[in-house]
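Okay, here's what each chain looks like letter by letter:
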Amino acid sequence: MDKPKKLNLPQVISIITIISLFSKLLGMLREVGIAKEFGVGSSTDAFYVALVIPTLIFTSVGVALQNLFMAEFSTYKEHYPDLKSQYTFINKMVNIILIISISLFLLSFIFTKGIVRVVAPGFTEPNKFSLTVTLTKILLPTMVIIPVYQIKASVLRVYDKYISVQVIDLFFNISQLIYLYLFADRFGIEGLTITILLAYLLQLLVVDLILISKGYRYHFILDFKDQYLKNIFILFLPTLISFGIIQVNELVNKIIASNLADGSVAALNYGLMVRNLVYNIITLSILTVIYPKMLGYKSKGEDDTFIQLIGRTTNILTLILLPISVIMLGFSEPIIKIIFERGEFTPNDTLITGKVLYFYTFGIVAFSLKDYFVRVSYAYKNTKLPLYITIIGSLMNIILSIILKHYMGVYGIALSLSLSEIISLIIFIIFIINYRYIKFNRYFSDVIKIIVVNAVLYILLISIKRYLILPDKTILLIIYLALYVFVFGLLYLMILLLLKVHPFSQFIYQFLKRGKNYEGDNK
């Protein structure tokens, strides 16, 4: 019987991007379902506050731990190739996380009312406050589930099971949609909250089953003297501070916008949501595959391959994200109209949010590349440099927001974030070149070609935009926009081929081949 053909790196990235896109669409349907079933009122306010306290906070902590654990586990895997030792190391990490998270869970459960009062001081109405406390207590076990899941999911990624993890994440949204469209009218907002808890638990269960099928067995073992674990927690503090600064930065932006015209904060939220959609679908899909491979090369001492991968990934990110940015700059308002303009979201709201998205779009490439270089720094066990860059970027964003708000209103706040991303990326690049983390001279000509091509296409798009006629009906607008994007994309691809841009030709060549440069989920 023939052995199944293996997928290569571009094919895996493409599959994960498609799954991620589908997952985000399901996420949007979930939000539509929540709005349809529960509307905008005290119950949804209580739900979203309850969601913030344990899940969103611990998701950030879990992601920070995941990135550091993957770097250290990749090194450990090379030094201790036998699976028994690797599984013991995983259990050591899981048990430390369990002790910390269970302790925090118990404290949070005891003081839930106090936590809700701090997070939502405006919830003074007794029924609303009581519901928020109830929903928060339902979700508190996720404080234990999420970090453990993130660690075990990162193990699967190190073992090249990228697609498996992505599919598991996909079913998280599916379970909530099933509840919303079949059971919400019977069990209400409390039932949705329980469904989210069960969905997180199901994710952890499926990851455990995959690991068990590979021979993993859980057992309780503690070893606080393990040097690899010490390395993780020594590096964790700067990483946690970086995540905290990013969260505070977003809060400060909302505070600055709060004394502008009504709807300014909402416009920033919607615009940022669309910008982050590009990041989540494209950038994260690529980094989900590249980061473990990068760590693998680094831990094996394959420095040349490691540096080549960094350079090629930089080019691929630039090659994909720049044309997307050009399209979004040219059609920011139609994009907002398609996604949001219905019900209480008026054409005037579309105009304001479209301009906000326009200014946010300038920072998409910088934001993505900066996040990528953060992971490059983690591969070198350097968490201080990303912390310093985050501090610099946040301070610049706050200062520029305060200044530009007086001249441009809410648009100045959006532009400030983009400018701070671009400036902090430039500073980041200077440092990583100085530290010899990357060699740009080998890929510089391709980057210049990509930038010039997109600059020319942007000028061309702006020149002909005045002659473009876009219909008012949403369905027709989607069709017209899809046609314009198709023509633009075809022209872009033809120019790349003519100019022989290496990252593009390599990506296409490897996509059409099988079994090279990757040993994936079909292993």
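Residues numbered from 1 in each chain as written. Predicted model: local features only at pLDDT ≥ 70, side-chain atom pairs only at ≥ 80, totals over all residues. Heavy atoms only, no water.

Time to look at the overall build of the chain. Looking only at helices and strands, the chain features 19 helices and zero strands. Residue pairs at least 24 apart in sequence account for 84% of intrachain contacts in the chain once pairs closer than 6 positions are excluded. (Helix = DSSP H or I, 4+ residues; strand = E, 2+ residues; numbered from the N terminus. Contact = heavy atoms within 4.5 Å.)

A volume near 600 Å³ is recorded for the second largest pocket. Around the second largest pocket sit 24 residues that line it, and T318, L322, V365, L369 and I451 are the ones nearest its centre. Only α11 (303–330), α14 (364–379), α16 (410–434) and α17 (444–465) provide two or more residues apiece to the lining of the second largest pocket. Its residues assigned to classes, the lining of the second largest pocket shows 19 nonpolar, five polar and no charged. (1 Å grid on protein atoms, 1.4 Å probe; cavity = no way out; pocket = protein on both sides within 12 Å on 5 of 7 lines; lining within 4 Å. Points joined across faces, edges and corners; volume = space filled by probe spheres on them. Nonpolar A, V, L, I, M, F, W, Y, C, P; charged D, E, K, R; others polar.)

Here we take up the environment of Y80. In this structure, Y80 sits in the loop between α2 (42–79) and α3 (83–110). Every residue in contact with Y80, bar those within four places of it in the chain, is listed here: S85, Q86 and Y228.

The N-to-C vectors of α14 and helix α15 (residues 384–408) enclose an angle of 150°; their axes lie 8 Å apart at closest approach. Accordingly, the angle class assigned to the pair α14 and α15 is roughly antiparallel. In contact with K370, V374, S377 and Y378 of α14, α15 contributes L385, P386 and I389. Taken together, the residues of the contact of α14 with α15 sort by class into five nonpolar, one polar and one charged. (Axes fitted to C-alpha atoms, helices over the stretch in contact; angles between N-to-C directions. Parallel < 35°, antiparallel > 145°, perpendicular 65-115°, else oblique.)

All told, the structure shown has 23 aromatic pairs when counted by the stated rule. Each residue in the set F69, F73, Y76, Y80, F89, Y159 and Y228 is aromatic and connected to the rest through ring pairs, giving one cluster. Of note, K137 hangs over the ring of F109, and the distance from its end group to the ring centre comes to 4.9 Å. One residue, K298, lies across the ring of F306, its end atom 5.3 Å from the ring centre. (Phe/Tyr/Trp six-rings, centres within 6.5 Å; stacked < 30°, edge-to-face > 60°. Lys NZ or Arg CZ within 6 Å of the ring centre and 35° of its normal.)

A few words now on the side chain of S420. Relative to the elements of secondary structure, S420 occurs in helix α16. Once you skip the residues sitting within four places of it in the chain, S420 turns out to touch G393, M396, N397 and L400.

The subject of this paragraph is a nonpolar patch on the surface. The grouping of L29, I178, Y181, L182, F183 and F187 at the surface amounts to a nonpolar patch, some 590 Å² of accessible area in total. Examining the composition of the nonpolar patch, we find that three residues originate from one element, helix α7 (residues 162–182), more than from any other. Structurally, F183 can be placed in the loop between α7 and α8 (184–213). (Patch = residues over 30% accessible without salt bridge, like charges linked within 9 Å, V, L, I, M, F, W, Y side chains within 5 Å. Areas by Shrake-Rupley, 256 points an atom, 1.4 Å probe, with all protein chains shown as cover. Salt bridge = Lys/Arg side-chain N within 4 Å of Asp/Glu carboxyl O.)

The next subject is the nonpolar core. One finds F69, L192, Y372 and F373 to be the most contacted residues of the largest nonpolar core, which totals 122 residues. Non-local contacts of L192, meaning those with residues more than four positions away in its chain, are made with I34, F38, F47, Y179 and L180. If you look at the next biggest cluster of nonpolar residues, it comprises 16 residues, including L272, Y360, I413 and A414. (Core = buried A, V, L, I, M, F, W, Y, C linked by side-chain atoms within 4.5 Å. Buried < 20%, exposed > 50% of the residue type's maximum accessible area, 1.4 Å probe, protein only.)

This part takes up α11. Here α11 spans 41 Å end to end across 28 residues, near enough to the 40 Å set by a 1.5 Å rise per residue. Burial of α11 is extensive: 21 of the 28 residues sit out of reach of the surface. (Expected span 1.5 Å × (residues − 1).)

Turning next to the environment of I99. Take I99: it is sitting in helix α3. Overall, I99 belongs to the partly exposed group, its relative accessible area being 38%.

The next point concerns the pattern of salt bridges. What the rule picks out here adds up to six salt bridges. A salt bridge links K381 to E72, with the nearest nitrogen and oxygen atoms 3.3 Å apart. A residue pair is termed long-range when its members are at least 10 positions apart, and K381 in the loop between α14 and α15 and E72 in helix α2 qualify at 309 residues. Classification of E72 by relative accessible area gives buried; the value is 3%. A salt bridge links K92 to D223; the shortest N-O distance between them is 3.2 Å. Taken together, the residues K92 in helix α3 and D223 in the loop between α8 and α9 (227–257) connect sequence positions 131 residues apart. K92 sits in the buried class, given a relative accessible area of 10%. Exposure remark for D223: the relative accessible area of 26% places this residue in the partly exposed category.

Along the chain, the position of T112 falls in helix α4 (residues 112–119). The class for T112 is buried, based on a relative accessible area of 1%. Only 3.0 Å separates the side chain of T112 from the backbone oxygen of F109, close enough to count as a polar contact. Look past the residues within four positions of T112 in its chain and what remains in contact with it is V133, T136, K137 and L140. (Polar contact = N/O pair within 3.5 Å; in protein donor to acceptor, adjacent residues only side chain to side chain.)

Moving on, we come to unusual backbone geometry. Notably, K381 is not glycine yet its phi reads approximately 60°, a positive angle. The partly exposed category is assigned to K381, whose relative accessible area is 32%.

Along its 25 residues, α15 runs 34 Å from first to last C-alpha, staying within 8% of the 36 Å computed at 1.5 Å per residue. If you look at α15, its biggest bend is around 30°, right at I402. One or two positions beyond α15, positive phi appears at G409, with a value near 65°. (Bend = angle between axes of the 7 residues up to and from the residue.)

It is the contact of helix α6 (residues 142–158) with α8, at a shortest axis distance of 9 Å, that shows an interaxial angle of 35°. Here α6 runs over α8; the crossing is left-handed. Mapping the contact onto sequence places T142, I145, I146, V148, Y149, K152, A153, V155 and L156 in α6 and L197, Y200, L201, Q203, L204, V207, D208, I210 and L211 in α8. Residues of the contact of α6 with α8, tallied by class, amount to 14 nonpolar, two polar and two charged. (Left-handed = near helix turned anticlockwise from the far one by under 90°.)

What follows covers the environment of P54. Its place among the elements puts P54 in helix α2. Ignoring any residue separated from it by four or fewer positions in sequence, one finds P54 in contact with L139, L140, T142 and M143.

With that settled, the discussion passes to the confidence of the model for the chain. Low pLDDT marks regions whose predicted coordinates should not be analysed in detail. Model confidence for the chain is summarised by a mean pLDDT of 82, while 88% of its residues fall at 70 or above. Long-range and interchain partners of residues 514–523, a stretch whose pLDDT sits below 50, account for 33 contacts in this model, where long-range means more than four residues apart. (pLDDT = per-residue confidence, 0-100.)

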